[in-house]
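Summary of structural features
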Amino acid sequence: VMAAPVPGISETKIPPERIKTIRLFVSLSRRLNLRRKMIENTHAAESFDALFARLATSEFRRRFRLKAEDIAYIERKGMETIRRHAADFVRTRLAPAVIPNDGRQTPMRGHPVFIAQHATACCCRGCLAKWHGIPPGRELTAEEQRYIVAVLTAWIERNGTRHQTAEIAGKE
């Protein structure tokens with residue numbers, strides 16, 4: 001079985017036994033990076049517990065729920081697509097320094113991410129300042145955008161699962 005080529009190795013004069021070692025190292029590095037990302041995602045989800053508990057004290061934020069059609073949309077498209085949609089909405093609707101219609105740029109329905117934005121107070125720069133400590137009047141950093149997307153997807157994953165569990169419990 002021939003191993004996949006490692007970029008930059010095939011054109012050099014490296015002894016075959018060293019190439020085998022390098023390929024093993026590259027393979028292990030990739031696995032460790034995947035494992036590290038999984039651990040980071042788990043810690044991120046756990047770190048949102050306090051945020052979600054705080055948001056639950058708001059009667060307005062508590063009202064938002066994913067409906068059956070939202071869940072069906074998520075299942076049809078997949079969470080990776082939903083995550084890309086969230087990143088795009090954040091980049092275009094929240095990230096600019098000046099948003100002419102700030103406070104009204106996020107619809108109340110029509111996409112699971114919109115529901116999540118209102119539920120998590122990631123709907124406008126005013127809410128981001130109040131609930132997340134992200135000041136308005138400047139462009140969001142890439143790190144802040146990733147944080148917001150992580151909050152949105154964590155809420156969607158938690159609430160989509162809860163919705164499905166409630167449906168299953170209701171059928172018994």
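Preceding this paragraph is the structure being described.
This structure is a prediction, so every number in the text was calculated from the model and none was measured.

Some remarks on the layout of surface pockets
A volume near 260 Å³ is recorded for the second largest pocket. Surrounding the second largest pocket, 13 residues form its lining, K67, D70, M108, R109 and I115 being those nearest its centre. Listing elements by their share of the lining of the second largest pocket, those giving two or more residues are α3 (68–77) and α5 (112–119). Here the lining of the second largest pocket takes three residues from α3, the largest share from any one element. Classifying every residue of the lining of the second largest pocket by side-chain character gives five nonpolar, two polar and six charged.

Brief notes about helix α6 (residues 125–132)
Inspection of α6 places R125, C127, L128, W131 and H132 among the buried residues, and these make up the whole buried set. Down the axis, α6 shows its buried residues gathered within 155° of arc, on one side only. Among the residues trailing α6, G133 stands out with phi positive, at a value near 70°.

Re the packing of helix α4 (residues 79–94) against α5
Packed helix pairs are characterised by how far apart their axes lie and by the angle those axes make with each other. One can describe the packing of α4 onto α5 by two numbers: an axis separation of 10 Å at closest approach and a directional angle of 60°. Between α4 and α5, the angle is such that the two are oblique. Handedness of the α4/α5 crossing: right-handed. Facing I82, A86, F89, R93 and L94 of α4, the residues of α5 in contact are V113, F114 and Q117. Residue classes in the contact of α4 with α5 are distributed as six nonpolar, one polar and one charged.

What to know about the nonpolar core
Core analysis: the largest hydrophobic core is formed by 36 residues, its most contacted members being F52, L140, I148, L152, W155 and I156. Contributions of two or more residues to this core are made by α1 (16–55), α3, α4, α5, α6 and α7 (142–171). No other element matches α7, which puts seven residues into this core. If sequence neighbours within four positions are ignored, I148 has contacts with V90, L94, C122, L128, I134 and L140.

Digging into the environment of C127
Among the structural elements, C127 can be located in helix α6. The class for C127 is buried, based on a relative accessible area of 14%. For the pair C127 and G103, spaced 24 residues apart in sequence, the C-alpha separation works out to 8.3 Å. Residues within four places of C127 in sequence aside, it is in contact with R61, A121 and H132.

The rules behind these values
Residues numbered from 1 in each chain as written. Predicted model: local features only at pLDDT ≥ 70, side-chain atom pairs only at ≥ 80, totals over all residues. Heavy atoms only, no water. 1 Å grid on protein atoms, 1.4 Å probe; cavity = no way out; pocket = protein on both sides within 12 Å on 5 of 7 lines; lining within 4 Å. Points joined across faces, edges and corners; volume = space filled by probe spheres on them. Helix = DSSP H or I, 4+ residues; strand = E, 2+ residues; numbered from the N terminus. Nonpolar A, V, L, I, M, F, W, Y, C, P; charged D, E, K, R; others polar. Buried < 20%, exposed > 50% of the residue type's maximum accessible area, 1.4 Å probe, protein only. Arc of directions from axis to C-beta. Axes fitted to C-alpha atoms, helices over the stretch in contact; angles between N-to-C directions. Parallel < 35°, antiparallel > 145°, perpendicular 65-115°, else oblique. Left-handed = near helix turned anticlockwise from the far one by under 90°. Contact = heavy atoms within 4.5 Å. Core = buried A, V, L, I, M, F, W, Y, C linked by side-chain atoms within 4.5 Å.

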